[in-house]
Amino acid sequence: MAFIHTPDASANDKTASMYAAAEASYGYLPNMYRAFGHRPEVMEHWGALLSSIRSHMTLRRYELVTLAAAKELKSSYCMLAHGSVLLREGFTNDGLAATADGGEKAPVDAGERAIMAFAAKVVRDATSVTQQDVDALKKHGLSDAEIFDITAAAAVRCFFSKMLDGLGAAPDHAYAERLDPNLRKSLAIGRPIDGLV
């Protein structure tokens, strides 16, 4: 599951509490929580930061920004996790695959396309972002505060995706069981799903 040994619930009270909460929420213990088993307080603070960023965005916008960032990072785990949220929010398998691939049939509007392209650029090379990129978002009606939120959501994804991939945390096998095989191919663009070759 990971390149490092991950502790079990007996390691300490904070790890046990984090694992128990994750199991209650997901119905199993996701590999991403195991990866943070040595430092559950980091996961706690990450969650607080993420919550503060998400609180200013619609769920759809946050998930589209995160999907674009995860794609740029080649993070299978985050693509599968956030793609699954978009499925629950009404995307079809084909619509999500087209969105992940940047296809013309993606069920996103011009403003959402611009937001996703901007998020990808932030992740790819934030020093390449220009005033023109920001002005282009403003032409879609975005405020400075909203552009801050998009940038923060893209930038924070770098931390989490790189932590998981750097530690070798494979996407949970649950994604293999729950997602259409063709959609999984579109989303699992980096590390393979746990237990799959």
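Look up: the structure comes first, before these words.
Description of the structure in this document. Throughout, a residue's number is its position along its own chain's written sequence, starting from 1. Local features in this predicted model are restricted to residues of pLDDT 70 or higher, and side-chain atom pairs are both shown and tallied only at a pLDDT of 80 or more, whereas totals for entire chains, interfaces and linings draw on every residue. As a rule here, side-chain values come from all non-hydrogen atoms in the structure, and water together with hydrogens is ignored.

1. Notes on the overall build of the protein chain
Each helix and strand in the protein chain was counted, giving 11 helices and zero strands. For the protein chain, the α and β elements follow one another from N to C terminus as α-α-α-α-α-α-α-α-α-α-α. Any residue under 20% of the maximum accessible area for its type is buried, any over 50% is exposed, and the rest in between are partly exposed; the area is computed with a 1.4 Å probe on protein chains only. By the burial criterion, 47% of the 197 residues in the protein chain qualify as buried. Whether two residues are in contact is decided by their heavy atoms: any pair within 4.5 Å suffices. In the protein chain, the share of contacts with a sequence separation of at least 24, taken over all contacts with a separation of at least 6, comes to 65%. Accessible areas in this description were obtained via Shrake-Rupley with a 1.4 Å probe; residue shielding takes into account the shown protein chains only. Total accessible area computed for the protein chain in this model is approximately 10000 Å², and 53% of it derives from carbon and sulfur atoms. The positive charge centre, built from 21 side chains, and the negative charge centre, built from 24, are 4 Å apart in the protein chain. Starting at the N terminus, helices and strands are each numbered in turn, a helix being any DSSP run of H or I of at least four residues and a strand any DSSP run of E of at least two. Charge assignment: positive for Lys and Arg, negative for Asp and Glu; neither His nor the chain ends contribute. All charge positions are set by atom: Lys at NZ, Arg at CZ, Asp at CG, Glu at CD.

2. A look at the side chain of E63
For E63, the location among the structural elements is in helix α4 (residues 59–73). Only one rule defines a salt bridge in this text: a Lys or Arg side-chain nitrogen within 4 Å of an Asp or Glu carboxyl oxygen. For the buried E63, no salt bridge is present, and the opposite-charge side chain at shortest range is R54, 5.7 Å distant. Once you skip the residues sitting within four places of it in the chain, E63 turns out to touch H82, V85 and L86.

3. Quick look at the pattern of salt bridges
With the rule as written, the count across this model stands at six salt bridges. With a closest N to O distance of 2.8 Å, D133 and K121 form a salt bridge. Of this pair, D133 sits in helix α8 (residues 131–138) while K121 sits in helix α7 (residues 110–125), and the two are 12 residues apart along the sequence. Across the pair K138 and D144 runs a salt bridge, and its minimum N-O distance is 2.7 Å.

4. Quick notes on the layout of surface pockets
A pocket here means an open set of points on a 1 Å grid, computed over the protein atoms alone, that has protein on both sides within 12 Å along at least five of seven lines. A cavity is instead a set of points where a 1.4 Å probe fits but cannot get out; residues with an atom within 4 Å of a point line either one. Grid points are joined across faces, edges and corners, and a volume is the space filled by probe spheres set on the points. If you add up the space inside the largest pocket, you get close to 710 Å³. Mapped by element, the contributors of at least two residues to the lining of the largest pocket are α1 (13–26), α2 (31–35), α3 (40–54), α4, α5 (76–88), α9 (144–166) and α10 (174–178). Per-element tally for the lining of the largest pocket: the top contributor is α5, with seven residues. Here the lining of the largest pocket is composed, by residue class, of 19 nonpolar, six polar and five charged. Approximately 200 Å³ is the volume found for the second largest pocket. As for the second largest pocket, its lining consists of 14 residues, of which A68, T99, G102, M116 and A117 are closest to the centre. At the level of elements, α4, α6 (93–101) and α7 are the ones that each hand at least two residues to the lining of the second largest pocket. Gly counts as polar in this scheme, as do all residues outside two lists: the nonpolar Ala, Val, Leu, Ile, Met, Phe, Trp, Tyr, Cys and Pro, and the charged Asp, Glu, Lys and Arg. Class assignment of the residues belonging to the lining of the second largest pocket gives a composition of nine nonpolar, two polar and three charged.

5. Concerning the packing of α7 against α9
The interhelical angle for the contact between α7 and α9, taken along N-to-C directions, is 45 degrees, at an axis separation of 9 Å. Compared by their axis directions, α7 and α9 come out oblique. Judged by the sense of rotation from one axis to the other, the crossing of α7 with α9 is right-handed. Taking contact as the criterion, the partners of I115, F118, A119, V122 and V123 in α7 are, on α9, I147, I150, T151, A154, A155 and C158. The residue inventory of the contact of α7 with α9, partitioned by class, reads 10 nonpolar, one polar and no charged. Between N-to-C directions, angles cover 0 to 180 degrees, with each direction set by a line fitted to C-alpha atoms, over the stretch in contact for helices. What sets the label is the angle itself: under 35 degrees gives roughly parallel, over 145 gives roughly antiparallel, 65 to 115 gives roughly perpendicular, and the rest give oblique. Handedness of a crossing follows from how the near helix is turned relative to the far one, being left-handed for an anticlockwise turn of less than a right angle and right-handed for a clockwise one.

6. Brief notes about unusual backbone geometry
The backbone of K74 shows a phi angle near 55 degrees, a positive value even though the residue is not glycine. Residue position: K74 is located in the loop between α4 and α5. The exposure class assigned to K74 is exposed, which follows from its relative accessible area of 55%.

7. Regarding the packing of aromatic side chains
When the centres of two rings from Phe, Tyr and Trp lie within 6.5 Å, Trp using its six-membered ring, the rings pair. Their planes under 30 degrees apart give stacked, over 60 give edge-to-face, and anything left gives tilted. With the rule as written, the count across this model stands at seven aromatic pairs. Pairing Y26 with Y28 gives two aromatic rings, centres 6.1 Å apart and planes at 65 degrees, and the pair type is edge-to-face. Here Y26 falls in the partly exposed class, since its relative accessible area comes to 33%. Geometrically, the ring pair formed by W46 and F159 is tilted, given 5.6 Å between the ring centres and 40 degrees between the ring planes. Of this pair, W46 sits in helix α3 while F159 sits in helix α9, and the two are 113 residues apart along the sequence. Ring pairs connect the aromatic residues F36, W46, F159 and F160, which therefore count as one cluster. A cation over an aromatic ring shows up here: R54 above the ring of Y62, its NZ or CZ 5.6 Å from the ring centre. Lysine and arginine charges are scored as sitting over a ring when NZ or CZ, respectively, is within 6 Å of the ring centre and within 35 degrees of the ring normal.

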